[in-house]
Amino acid sequence: MNFTGRYPNSRPRRLRQHDWVRRLTRENRLSVDDLIWSLVVHEGVEPEIPVASMPGTARLSVRAAADAAKRAAKLGIPSIAVFPFIDGAKKDASGKEALNPNGLVCNAVRAMKDAAPEVGVMVDVALDPFTDHGHDGLLRDGRILNDETVAVLTEQALIQVKAGADIVAPSDMMDGRVGAIRTALDANGHQDTMIMSYAAKYASAFYGPYRDAIGSGKLGTGSVANPGDKRTYQMDYGNTDEAIREVAMDVAEGADMLLVKPGLPYLDIVARVKAEFGMPTYAFQVSGEYAMMKAAAANGWLDENRAIIESLTAFKRAGADGIVTYFAPRAAELLG
Ligand code: PBG
(Lines give C-alpha, C1' and ligand atoms only; values in the text may rest on other atoms or scores of the structure.)
Protein backbone atom coordinates (compact mmCIF):
# COMPACT_ATOMS: atom_id res chain seq x y z
CA MET A 1 0.00 0.00 0.00
CA ASN A 2 1.39 3.44 -0.88
CA PHE A 3 -0.96 5.63 1.08
CA THR A 4 0.72 8.98 1.57
CA GLY A 5 -2.05 10.86 3.31
CA ARG A 6 -0.97 13.59 5.67
CA TYR A 7 -2.79 15.57 8.31
CA PRO A 8 -4.55 17.98 7.93
CA ASN A 9 -5.45 17.09 4.32
CA SER A 10 -6.27 13.63 5.47
CA ARG A 11 -8.59 13.26 8.40
CA PRO A 12 -9.49 9.58 8.78
CA ARG A 13 -12.16 10.54 11.30
CA ARG A 14 -14.22 12.08 8.48
CA LEU A 15 -15.26 8.57 7.52
CA ARG A 16 -16.28 7.65 11.04
CA GLN A 17 -18.73 10.45 11.73
CA HIS A 18 -22.00 8.70 11.03
CA ASP A 19 -23.35 5.23 11.05
CA TRP A 20 -24.16 5.42 7.33
CA VAL A 21 -20.61 6.25 6.31
CA ARG A 22 -19.13 3.71 8.68
CA ARG A 23 -21.34 1.12 7.02
CA LEU A 24 -20.36 2.39 3.59
CA THR A 25 -16.63 2.05 4.30
CA ARG A 26 -16.67 -1.18 6.27
CA GLU A 27 -14.26 -3.73 4.77
CA ASN A 28 -15.37 -6.97 6.39
CA ARG A 29 -18.70 -8.12 7.63
CA LEU A 30 -20.13 -11.14 9.28
CA SER A 31 -23.17 -12.88 7.86
CA VAL A 32 -25.17 -15.89 8.90
CA ASP A 33 -23.61 -17.67 5.90
CA ASP A 34 -20.31 -17.70 7.79
CA LEU A 35 -21.54 -19.80 10.69
CA ILE A 36 -21.03 -23.46 11.51
CA TRP A 37 -22.88 -24.35 14.71
CA SER A 38 -20.94 -26.69 16.98
CA LEU A 39 -23.13 -28.74 19.25
CA VAL A 40 -22.85 -31.75 21.51
CA VAL A 41 -25.26 -34.69 21.55
CA HIS A 42 -25.89 -37.36 24.17
CA GLU A 43 -27.60 -40.76 24.08
CA GLY A 44 -30.33 -40.20 26.65
CA VAL A 45 -33.87 -38.91 26.29
CA GLU A 46 -33.40 -35.78 28.41
CA PRO A 47 -33.72 -33.05 25.75
CA GLU A 48 -31.01 -30.80 27.20
CA ILE A 49 -28.32 -31.41 29.80
CA PRO A 50 -26.58 -28.11 30.56
CA VAL A 51 -22.78 -28.05 30.34
CA ALA A 52 -21.52 -26.42 33.53
CA SER A 53 -18.31 -25.03 32.07
CA MET A 54 -20.12 -23.62 29.04
CA PRO A 55 -23.16 -21.73 30.34
CA GLY A 56 -25.84 -21.37 27.69
CA THR A 57 -24.91 -24.64 25.96
CA ALA A 58 -26.26 -28.10 26.61
CA ARG A 59 -25.80 -31.65 25.47
CA LEU A 60 -28.79 -32.40 23.28
CA SER A 61 -30.68 -35.63 22.85
CA VAL A 62 -30.86 -36.95 19.28
CA ARG A 63 -34.41 -35.63 19.07
CA ALA A 64 -33.37 -32.20 20.33
CA ALA A 65 -30.52 -32.22 17.82
CA ALA A 66 -33.05 -32.76 15.04
CA ASP A 67 -34.97 -29.75 16.36
CA ALA A 68 -31.72 -27.80 16.45
CA ALA A 69 -31.20 -28.64 12.77
CA LYS A 70 -34.65 -27.24 12.01
CA ARG A 71 -33.78 -24.15 14.00
CA ALA A 72 -30.54 -23.78 12.03
CA ALA A 73 -32.50 -24.00 8.79
CA LYS A 74 -34.91 -21.34 9.98
CA LEU A 75 -32.08 -19.06 11.06
CA GLY A 76 -30.19 -19.63 7.80
CA ILE A 77 -27.18 -21.27 9.45
CA PRO A 78 -25.58 -23.36 6.66
CA SER A 79 -24.04 -26.14 8.70
CA ILE A 80 -23.88 -27.92 12.05
CA ALA A 81 -20.83 -29.70 13.48
CA VAL A 82 -21.84 -32.51 15.81
CA PHE A 83 -19.77 -33.90 18.71
CA PRO A 84 -20.81 -36.85 20.89
CA PHE A 85 -20.95 -37.38 24.64
CA ILE A 86 -20.53 -41.15 24.94
CA ASP A 87 -21.58 -43.11 28.03
CA GLY A 88 -18.53 -44.17 30.04
CA ALA A 89 -19.66 -47.80 29.91
CA LYS A 90 -19.19 -47.81 26.12
CA LYS A 91 -15.63 -46.55 26.20
CA ASP A 92 -12.55 -48.71 26.00
CA ALA A 93 -8.92 -48.37 25.03
CA SER A 94 -9.65 -49.00 21.34
CA GLY A 95 -12.58 -46.59 21.07
CA LYS A 96 -14.50 -49.26 19.16
CA GLU A 97 -17.86 -47.54 19.76
CA ALA A 98 -16.66 -45.07 17.10
CA LEU A 99 -17.33 -47.82 14.56
CA ASN A 100 -20.91 -48.53 15.61
CA PRO A 101 -23.15 -47.73 12.62
CA ASN A 102 -26.07 -47.45 15.05
CA GLY A 103 -24.14 -45.38 17.56
CA LEU A 104 -24.89 -41.88 18.77
CA VAL A 105 -23.18 -39.94 16.00
CA CYS A 106 -24.81 -41.89 13.19
CA ASN A 107 -28.22 -41.67 14.85
CA ALA A 108 -27.84 -37.92 15.31
CA VAL A 109 -26.72 -37.45 11.70
CA ARG A 110 -29.70 -39.41 10.38
CA ALA A 111 -32.14 -37.51 12.60
CA MET A 112 -30.73 -34.13 11.65
CA LYS A 113 -30.67 -34.86 7.93
CA ASP A 114 -34.26 -36.13 8.15
CA ALA A 115 -35.38 -33.01 10.00
CA ALA A 116 -33.54 -30.46 7.87
CA PRO A 117 -31.96 -31.89 4.72
CA GLU A 118 -30.89 -28.40 3.62
CA VAL A 119 -28.49 -28.03 6.55
CA GLY A 120 -25.00 -29.48 6.01
CA VAL A 121 -23.97 -31.88 8.74
CA MET A 122 -20.32 -32.08 9.62
CA VAL A 123 -18.90 -34.87 11.78
CA ASP A 124 -15.78 -35.09 13.90
CA VAL A 125 -13.37 -37.86 12.94
CA ALA A 126 -11.31 -38.73 16.01
CA LEU A 127 -11.38 -41.32 18.76
CA ASP A 128 -11.25 -39.19 21.92
CA PRO A 129 -15.00 -39.24 22.65
CA PHE A 130 -14.82 -43.04 22.57
CA THR A 131 -11.57 -43.95 24.31
CA ASP A 132 -11.32 -44.43 28.07
CA HIS A 133 -7.87 -42.83 28.06
CA GLY A 134 -9.17 -39.71 26.31
CA HIS A 135 -6.66 -39.70 23.46
CA ASP A 136 -7.57 -39.18 19.82
CA GLY A 137 -5.84 -42.34 18.71
CA LEU A 138 -4.81 -45.81 19.78
CA LEU A 139 -2.41 -45.87 22.71
CA ARG A 140 0.31 -48.46 23.15
CA ASP A 141 3.11 -48.24 25.71
CA GLY A 142 2.49 -44.54 26.12
CA ARG A 143 2.62 -43.83 22.39
CA ILE A 144 -0.24 -42.80 20.13
CA LEU A 145 0.03 -45.12 17.14
CA ASN A 146 -0.24 -43.23 13.88
CA ASP A 147 -0.92 -45.66 11.04
CA GLU A 148 -3.05 -48.03 13.13
CA THR A 149 -5.16 -45.05 14.20
CA VAL A 150 -5.53 -43.83 10.62
CA ALA A 151 -6.96 -47.23 9.66
CA VAL A 152 -9.64 -46.89 12.36
CA LEU A 153 -10.40 -43.25 11.51
CA THR A 154 -10.91 -44.21 7.88
CA GLU A 155 -13.52 -46.77 8.90
CA GLN A 156 -15.13 -44.27 11.27
CA ALA A 157 -15.41 -41.66 8.51
CA LEU A 158 -16.94 -44.17 6.10
CA ILE A 159 -19.57 -45.22 8.64
CA GLN A 160 -20.48 -41.59 9.35
CA VAL A 161 -20.79 -40.83 5.65
CA LYS A 162 -23.04 -43.85 5.13
CA ALA A 163 -25.27 -42.39 7.87
CA GLY A 164 -25.56 -39.20 5.80
CA ALA A 165 -22.78 -36.86 6.96
CA ASP A 166 -22.02 -34.20 4.36
CA ILE A 167 -18.59 -33.15 5.60
CA VAL A 168 -16.09 -35.27 7.48
CA ALA A 169 -13.72 -33.30 9.67
CA PRO A 170 -10.72 -35.22 11.00
CA SER A 171 -9.60 -33.47 14.20
CA ASP A 172 -7.12 -36.10 15.35
CA MET A 173 -3.89 -34.76 13.81
CA MET A 174 -2.55 -38.16 12.75
CA ASP A 175 -0.27 -37.97 9.72
CA GLY A 176 -1.78 -39.15 6.46
CA ARG A 177 -5.39 -39.43 7.55
CA VAL A 178 -6.81 -37.04 4.97
CA GLY A 179 -5.39 -39.07 2.09
CA ALA A 180 -6.51 -42.36 3.62
CA ILE A 181 -10.05 -41.07 4.18
CA ARG A 182 -10.23 -39.58 0.67
CA THR A 183 -9.14 -42.88 -0.88
CA ALA A 184 -11.64 -44.90 1.16
CA LEU A 185 -14.52 -42.53 0.44
CA ASP A 186 -13.78 -42.58 -3.29
CA ALA A 187 -13.48 -46.37 -3.34
CA ASN A 188 -16.96 -46.58 -1.82
CA GLY A 189 -18.72 -44.19 -4.17
CA HIS A 190 -18.51 -41.15 -1.89
CA GLN A 191 -16.30 -39.07 -4.13
CA ASP A 192 -18.56 -36.04 -3.56
CA THR A 193 -18.32 -36.06 0.23
CA MET A 194 -16.32 -33.11 1.49
CA ILE A 195 -13.35 -33.21 3.85
CA MET A 196 -12.70 -30.31 6.17
CA SER A 197 -9.32 -30.99 7.61
CA TYR A 198 -8.33 -29.71 11.02
CA ALA A 199 -5.09 -28.99 9.23
CA ALA A 200 -3.48 -26.77 11.83
CA LYS A 201 -4.65 -27.84 15.25
CA TYR A 202 -2.62 -26.85 18.25
CA ALA A 203 -2.23 -28.58 21.61
CA SER A 204 -4.16 -26.01 23.59
CA ALA A 205 -5.39 -25.19 27.07
CA PHE A 206 -8.48 -23.66 25.44
CA TYR A 207 -10.10 -27.07 24.84
CA GLY A 208 -10.68 -27.55 28.58
CA PRO A 209 -14.46 -26.99 28.71
CA TYR A 210 -15.01 -29.19 25.64
CA ARG A 211 -13.51 -32.18 27.37
CA ASP A 212 -16.05 -31.59 30.14
CA ALA A 213 -18.84 -31.16 27.57
CA ILE A 214 -18.16 -34.51 25.86
CA GLY A 215 -17.13 -36.26 29.08
CA SER A 216 -13.72 -37.01 27.60
CA GLY A 217 -11.67 -39.70 29.33
CA LYS A 218 -9.26 -38.16 31.76
CA LEU A 219 -5.84 -37.89 30.18
CA GLY A 220 -3.05 -39.52 32.15
CA THR A 221 -1.07 -37.74 34.78
CA GLY A 222 1.88 -37.84 32.48
CA SER A 223 2.98 -41.36 33.29
CA VAL A 224 4.81 -43.20 30.56
CA ALA A 225 1.77 -45.42 29.93
CA ASN A 226 -0.76 -42.62 29.51
CA PRO A 227 0.52 -39.22 28.42
CA GLY A 228 -1.14 -36.29 30.16
CA ASP A 229 -1.51 -34.12 27.09
CA LYS A 230 -1.78 -34.32 23.31
CA ARG A 231 1.51 -32.71 22.41
CA THR A 232 2.86 -35.71 20.50
CA TYR A 233 0.18 -35.23 17.85
CA GLN A 234 -1.31 -31.74 18.13
CA MET A 235 0.95 -28.85 17.17
CA ASP A 236 3.24 -26.76 19.36
CA TYR A 237 1.77 -23.29 19.84
CA GLY A 238 5.11 -21.66 19.14
CA ASN A 239 5.03 -22.72 15.51
CA THR A 240 3.82 -21.06 12.30
CA ASP A 241 5.85 -22.55 9.43
CA GLU A 242 4.86 -25.99 10.63
CA ALA A 243 1.20 -25.05 10.15
CA ILE A 244 1.95 -24.24 6.53
CA ARG A 245 3.59 -27.62 6.01
CA GLU A 246 0.65 -29.38 7.68
CA VAL A 247 -1.80 -27.53 5.45
CA ALA A 248 0.23 -28.24 2.31
CA MET A 249 0.16 -31.97 3.07
CA ASP A 250 -3.58 -31.98 3.69
CA VAL A 251 -4.26 -30.06 0.50
CA ALA A 252 -2.13 -32.53 -1.44
CA GLU A 253 -4.04 -35.40 0.16
CA GLY A 254 -7.39 -34.01 -0.93
CA ALA A 255 -8.73 -31.67 1.78
CA ASP A 256 -11.52 -29.48 0.39
CA MET A 257 -11.62 -27.06 3.30
CA LEU A 258 -9.11 -26.17 5.99
CA LEU A 259 -9.65 -25.50 9.65
CA VAL A 260 -7.42 -23.66 12.10
CA LYS A 261 -7.92 -24.31 15.80
CA PRO A 262 -8.18 -22.69 18.35
CA GLY A 263 -9.53 -19.45 16.95
CA LEU A 264 -8.88 -15.97 18.28
CA PRO A 265 -5.39 -16.65 19.70
CA TYR A 266 -4.43 -18.09 16.28
CA LEU A 267 -5.68 -15.42 13.86
CA ASP A 268 -2.12 -15.05 12.53
CA ILE A 269 -2.32 -18.67 11.39
CA VAL A 270 -5.72 -18.11 9.77
CA ALA A 271 -4.38 -15.09 7.89
CA ARG A 272 -1.27 -16.89 6.68
CA VAL A 273 -3.06 -20.08 5.66
CA LYS A 274 -5.62 -18.09 3.68
CA ALA A 275 -2.96 -15.95 2.03
CA GLU A 276 -0.66 -18.84 1.10
CA PHE A 277 -3.23 -21.37 -0.13
CA GLY A 278 -6.33 -19.43 -1.11
CA MET A 279 -8.43 -22.38 0.01
CA PRO A 280 -11.76 -22.24 1.82
CA THR A 281 -10.43 -21.60 5.32
CA TYR A 282 -12.31 -21.82 8.62
CA ALA A 283 -11.52 -21.15 12.24
CA PHE A 284 -12.86 -22.85 15.34
CA GLN A 285 -13.85 -20.54 18.17
CA VAL A 286 -13.30 -23.25 20.77
CA SER A 287 -14.91 -24.04 24.09
CA GLY A 288 -12.38 -22.10 26.17
CA GLU A 289 -12.93 -18.97 24.11
CA TYR A 290 -16.67 -19.38 24.57
CA ALA A 291 -16.30 -19.95 28.31
CA MET A 292 -14.08 -16.91 28.79
CA MET A 293 -16.56 -14.62 27.13
CA LYS A 294 -19.51 -16.08 29.00
CA ALA A 295 -17.72 -15.78 32.33
CA ALA A 296 -16.77 -12.17 31.76
CA ALA A 297 -20.27 -11.32 30.55
CA ALA A 298 -21.85 -13.06 33.56
CA ASN A 299 -19.80 -10.77 35.77
CA GLY A 300 -20.94 -7.73 33.83
CA TRP A 301 -17.38 -7.18 32.63
CA LEU A 302 -18.21 -7.12 28.95
CA ASP A 303 -21.23 -6.74 26.74
CA GLU A 304 -21.84 -10.27 25.54
CA ASN A 305 -23.73 -9.53 22.33
CA ARG A 306 -21.19 -6.99 21.16
CA ALA A 307 -18.29 -9.28 22.08
CA ILE A 308 -19.83 -12.15 20.10
CA ILE A 309 -20.21 -10.16 16.90
CA GLU A 310 -16.86 -8.43 17.27
CA SER A 311 -14.97 -11.67 17.85
CA LEU A 312 -16.66 -13.41 14.93
CA THR A 313 -16.02 -10.44 12.65
CA ALA A 314 -12.35 -10.57 13.64
CA PHE A 315 -12.15 -14.04 12.07
CA LYS A 316 -13.52 -12.61 8.82
CA ARG A 317 -11.01 -9.78 8.92
CA ALA A 318 -8.19 -12.31 9.33
CA GLY A 319 -9.39 -14.05 6.16
CA ALA A 320 -11.60 -16.85 7.43
CA ASP A 321 -14.45 -17.92 5.18
CA GLY A 322 -16.41 -19.10 8.18
CA ILE A 323 -16.31 -19.89 11.86
CA VAL A 324 -17.22 -22.99 13.85
CA THR A 325 -18.79 -21.59 17.00
CA TYR A 326 -21.05 -22.45 19.93
CA PHE A 327 -22.45 -18.93 19.53
CA ALA A 328 -23.89 -19.67 16.07
CA PRO A 329 -27.63 -19.53 16.88
CA ARG A 330 -27.15 -16.49 19.09
CA ALA A 331 -25.05 -14.73 16.44
CA ALA A 332 -27.61 -15.59 13.74
CA GLU A 333 -30.35 -14.01 15.86
CA LEU A 334 -28.24 -10.92 16.46
CA LEU A 335 -27.52 -10.62 12.74
CA GLY A 336 -31.11 -11.31 11.72
C1 PBG B 1 -10.61 -33.75 19.70
C2 PBG B 1 -11.37 -32.48 19.65
C3 PBG B 1 -11.22 -31.45 20.58
C4 PBG B 1 -12.09 -30.44 20.21
C5 PBG B 1 -12.76 -30.86 19.06
N6 PBG B 1 -12.30 -32.13 18.71
C7 PBG B 1 -10.41 -31.39 21.81
C8 PBG B 1 -9.05 -31.93 21.84
O9 PBG B 1 -8.34 -31.92 20.84
O10 PBG B 1 -8.65 -32.36 22.90
C11 PBG B 1 -12.20 -29.15 20.94
C12 PBG B 1 -13.37 -28.30 20.69
C13 PBG B 1 -13.50 -27.18 21.63
O14 PBG B 1 -12.68 -26.97 22.55
O15 PBG B 1 -14.49 -26.45 21.48
N16 PBG B 1 -10.73 -34.59 18.64
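Described below are features of the structure shown in this document. As the structure is a computational prediction, the values presented were derived from the model and not from experiment.

Scoring rules and cut-offs
- Residues numbered from 1 in each chain as written.
- Predicted model: local features only at pLDDT ≥ 70, side-chain atom pairs only at ≥ 80, totals over all residues.
- Heavy atoms only, no water.
- Near = heavy atom within 4 Å.
- Polar contact = N/O pair within 3.5 Å; in protein donor to acceptor, adjacent residues only side chain to side chain.
- Nonpolar A, V, L, I, M, F, W, Y, C, P; charged D, E, K, R; others polar.
- Helix = DSSP H or I, 4+ residues; strand = E, 2+ residues; numbered from the N terminus.
- Expected span 1.5 Å × (residues − 1).
- Buried < 20%, exposed > 50% of the residue type's maximum accessible area, 1.4 Å probe, protein only.
- Contact = heavy atoms within 4.5 Å.
- Patch = residues over 30% accessible without salt bridge, like charges linked within 9 Å, V, L, I, M, F, W, Y side chains within 5 Å.
- Areas by Shrake-Rupley, 256 points an atom, 1.4 Å probe, with all protein chains shown as cover.
- Salt bridge = Lys/Arg side-chain N within 4 Å of Asp/Glu carboxyl O.
- Lys, Arg positive; Asp, Glu negative; His and termini not counted.
- Charge placed at Lys NZ, Arg CZ, Asp CG, Glu CD.
- Pairing = 2+ DSSP bridges.

**Observations regarding the site of the ligand**
Taken together, 16 residues sit near the ligand, with Arg211, Lys230, Lys261, Ser287 and Tyr326 positioned nearest. One nitrogen or oxygen atom from the side chain of Arg211 is found 2.5 Å from an oxygen atom belonging to the ligand. Contact distances for the ligand include 2.7 Å between an oxygen atom and a side-chain N or O atom of Lys230. Looking at the shell around the ligand residue by residue, the classes come out as six nonpolar, three polar and seven charged.

**Things to note about helix H10 (residues 304-318)**
Between its first and last C-alpha atoms H10 spans 21 Å; for 15 residues at 1.5 Å apiece the expected length is 21 Å, and the two agree. Among the residues of H10, those classed as buried are Glu304, Ala307, Ile308, Ser311, Leu312, Thr313, Ala314, Phe315, Lys316 and Ala318. Where H10 is buried, its residues touch strand E1 (35-42), helix H8 (267-277), strand E11 (281-285), helix H9 (287-298), strand E12 (322-325) and helix H11 (328-335). A side-chain oxygen of the first residue of H10 lies 3.2 Å from the backbone nitrogen of Asn305; this N-cap is Asp303. Positive phi appears at Gly319, one or two residues downstream of H10, with a value of about 115°.

**What about a positive patch on the surface?**
On the surface, Arg11, Arg13, Arg14 and Arg16 cluster together into a patch of positive charge. For Arg16, a relative accessible area of 52% corresponds to the exposed category.

**Section: the pattern of salt bridges**
Taken as a whole, this structure holds 18 salt bridges when the rule is applied. Notably, a salt bridge pairs Asp19 with Arg23, separated by 2.9 Å at the nearest N-O pair. Highlighted residues: Asp19 and Arg23, both in helix H1 (residues 19-25), separated by four residues, approximately one helical turn. When the shortest N-O distance is used, the salt bridge between Lys230 and Asp136 registers 2.6 Å. Of this pair, Lys230 sits in the loop between helix H6 (208-213) and helix H7 (241-253) while Asp136 sits in the loop between strand E5 (120-125) and strand E6 (138-140), and the two are 94 residues apart along the sequence. Across the pair, exposure class does not vary: Lys230 and Asp136 are buried alike. Within this structure, Asp128, Asp136 and Lys230 form a network of salt bridges that share partners.

**A word on the pairing of E1**
Of all eight residues in E1, eight are buried; the element is thus mostly enclosed. The sheet contact formed by E1 and E12 spans three bridges and is parallel. The partner of Trp37 across the bridge, within E12, is Thr325. In this sheet, strand E4 (residues 79-85) lies alongside E1 in parallel orientation, the contact comprising seven bridges. If you follow Leu39 over to E4, its bridge partner there is Val82. Sheet topology note: the E1/strand E3 (residues 58-60) ladder contains two bridges and is parallel. Directly across from Val40, in E3, lies its bridge partner Arg59.

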